[in-house]
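For reference, the chains in residue letters:
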Amino acid sequence: MSVDLVQPKLIIHGGAGGHLQSKGGQEAVRQVLHSVIEEVYPLLLDGKSATDAVIKGCQLLEDEPLFNAGTGSVLQSDGQIRMSASLMDGIVQRFSGVINVSRIKNPIQLAQFLQSQEDRVLSDYGAAELVRELNCPVYDPLIEIRLQEWIQERKGDFQSHMAGVVAEEELVHPHEARRGTIGVVALDSQGRLAVGTSTGGKGLERIGRVSDSAMPAGNYATKYAAVSCTGIGEHIMDECLAARIVVRVTDGLALKEAMLRSMKECRERKRDLGAIAIAATGAIAWGKTSEVILAAYHNGEKIGDTVDWTDDDLIGYQF
Ligand code: GLY
């Protein structure tokens, strides 16, 4: 049976939070996001699956030290890095993920492996055991700026509740709360949706704290829509945001409306978060209650981004 081909779509993010400190910082983020889109979108044009594109995009973003996932992850209160990641295939509607895993380069690869397993979400010891079983090379994702950020917080007796959303050279406002995560949503040429999200967490959190990024609250897809969230994990969980937007679209609401309604509710409850989404119709949307969401997309014609989108509109939309 032949399948009608559709125009692939792609959207990625590198976190949400407060304004970036400098124009240079904005440009650096824009460049990285665009280069990831430039590397991943052609895979979709070549007929690769949405899941393959999402995994590749997440790996590239995890490898980018600017962002709080994989290399460049923030440190928790005890000075350790523990990362979480998840993957959801919208067509088979299957979720997999790892919670608080250490010493690995690409947590999204563990989520990929777990897609085919009976036990699909592993935490702490179980995730460490899987890393050992798969013979993943031991890798230290720590970068100097994150270490300095933590040392500075330690000197200030951990006044901040979170680390910075991106690793910036100048720690101008070290006490400003910002949030980081990476995420990728793709629609492939066969109309299949997938989503992946990966994070180093909030930074400075208690040992054992669980991020939304490896829960359906932060990363969810059906065959109708796929959503990746970023921001304060507890706020995202309280809203069950990714699943909420997806279910609204699955029940017949247009993506733009589903994103807008959900963001309005989040703003009313003073949440601090953002989300990116694609619907099976090919619609792309992003939303935020925080000051910025660092996202870029390919709409089939061109690349666009939201890096300097700081106005009060709750959502943006492309078809
Ligand atoms: N959204 C990332 C976290 O709070 O862990």
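The structure presented is a predicted model; accordingly, all values stated were derived computationally and were not measured.

1. Details of helix α7 (residues 241–250)
Here's step 1: A large share of α7 lies buried, amounting to seven of its ten residues.
Here's step 2: Every buried residue of α7 is listed here: L241, A242, A243, I245, V246, R248 and V249.
Here's step 3: For α7, the elements touching its buried residues are β7 (219–221), β8 (225–231), α6 (233–239), α8 (255–268) and β9 (273–279).
Here's step 4: G252 occupies a position one or two residues after α7 and carries a positive phi of about 115°.

2. What about the site of the ligand?
Here's step 1: All residues in the neighbourhood of the ligand are listed as T181, T199, G201, K202, R209, S211, D212, S213, G231, I232 and G233.
Here's step 2: S211 is positioned such that a nitrogen or oxygen atom in its side chain is 2.8 Å from an oxygen atom of the ligand.
Here's step 3: Between a nitrogen atom of the ligand and a main-chain N or O atom of G231, the distance comes to 2.8 Å.
Here's step 4: Among the residues making up the shell around the ligand, the classes are represented as one nonpolar, seven polar and three charged.

3. Considering the packing of aromatic side chains
Here's step 1: Overall, the coordinates contain one aromatic pair when judged by the stated rule.
Here's step 2: Positioned above the aromatic ring of F319 is the side chain of K9, whose terminal nitrogen or guanidinium carbon lies 5.2 Å from the ring centre.
Here's step 3: In this arrangement the basic side chain of K288 is found over the ring face of W309, its NZ or CZ atom lying 4.3 Å from the centre.

4. Focus on unusual backbone geometry
Outside of glycine, negative phi angles account for most residues, and trans bonds account for most peptide bonds.
Here's step 1: Of note in the backbone geometry, N100 takes a positive phi value of approximately 55° without being a glycine.
Here's step 2: Tracing the sequence through the fold places N100 in strand β3 (residues 94–101).
Here's step 3: Exposure remark for N100: the relative accessible area of 5% places this residue in the buried category.
Here's step 4: With a phi angle near 30°, D124 is a residue other than glycine that sits in the positive phi range.
Here's step 5: Mapped onto the elements, D124 comes out in helix α4 (residues 124–133).

5. Some points on the sheet that holds β9
Backbone-to-backbone hydrogen bonds pair the strands of a sheet. The strands run either parallel or antiparallel.
Here's step 1: Read from one edge of the open sheet, five strands run β7-β8-β9-β10-β13, paired in antiparallel fashion. Two strands close off the open sheet at either side, each with one partner strand: β7 and β13 (315–318). For this sheet, the mean inter-axis angle between neighbouring strands, taken without regard to orientation, is 10°.
Here's step 2: Helix-sheet contacts for α7 involve β7, β8 and β9, and the interaxial angle to β8 is about 155°.
Here's step 3: Packed onto the sheet, α8 meets β9, β10 (284–288) and β13 and runs at close to 165° relative to β9.

Quick notes on the rules
Here, residues in each chain are numbered from 1, in the same order as that chain's written sequence. Given that this is a predicted model, residues contribute local features only at a pLDDT of at least 70 and side-chain atom pairs are listed and counted only at 80 or more, while totals for whole chains, interfaces and linings are drawn from all residues. Side-chain figures throughout are based on the complete set of non-hydrogen atoms in the structure, without hydrogens or water. Exposure classes here rest on a 1.4 Å probe applied to the protein chains alone. A residue is buried below 20% of its type maximum, exposed above 50%, and partly exposed in between. Helical segments are the DSSP runs of H or I of at least four residues, strand segments are the runs of E of at least two, and each set is numbered from the N terminus. Whether two residues are in contact is decided by their heavy atoms: any pair within 4.5 Å suffices. To be near a molecule or strand, a residue needs just one of its heavy atoms within 4 Å of it. Throughout this description, a polar contact denotes any pair of N or O atoms lying within 3.5 Å of each other; where both atoms belong to protein, one of them has to be capable of donating a hydrogen while the other can accept it, and for residues adjacent in sequence the pair is counted only when both atoms sit in side chains. Note on residue classes: Ala, Val, Leu, Ile, Met, Phe, Trp, Tyr, Cys and Pro are nonpolar, Asp, Glu, Lys and Arg are charged, and everything else, Gly too, is polar. Aromatic rings from Phe, Tyr and Trp, taking only the six-membered ring of Trp, are treated as a pair when their centres fall within 6.5 Å; an angle between ring planes under 30 degrees marks them as stacked, one over 60 as edge-to-face, and anything in between as tilted. For a lysine, the NZ atom is tested; for an arginine, the CZ atom; a charge sits over a ring if that atom is within 6 Å of the ring centre and within 35 degrees of the ring normal. In short, DSSP must find at least two bridges between two strands for them to pair. Interaxial angles span 0 to 180 degrees and are taken between N-to-C directions of axes, which are lines fitted to C-alpha atoms, for helices over the stretch in contact.

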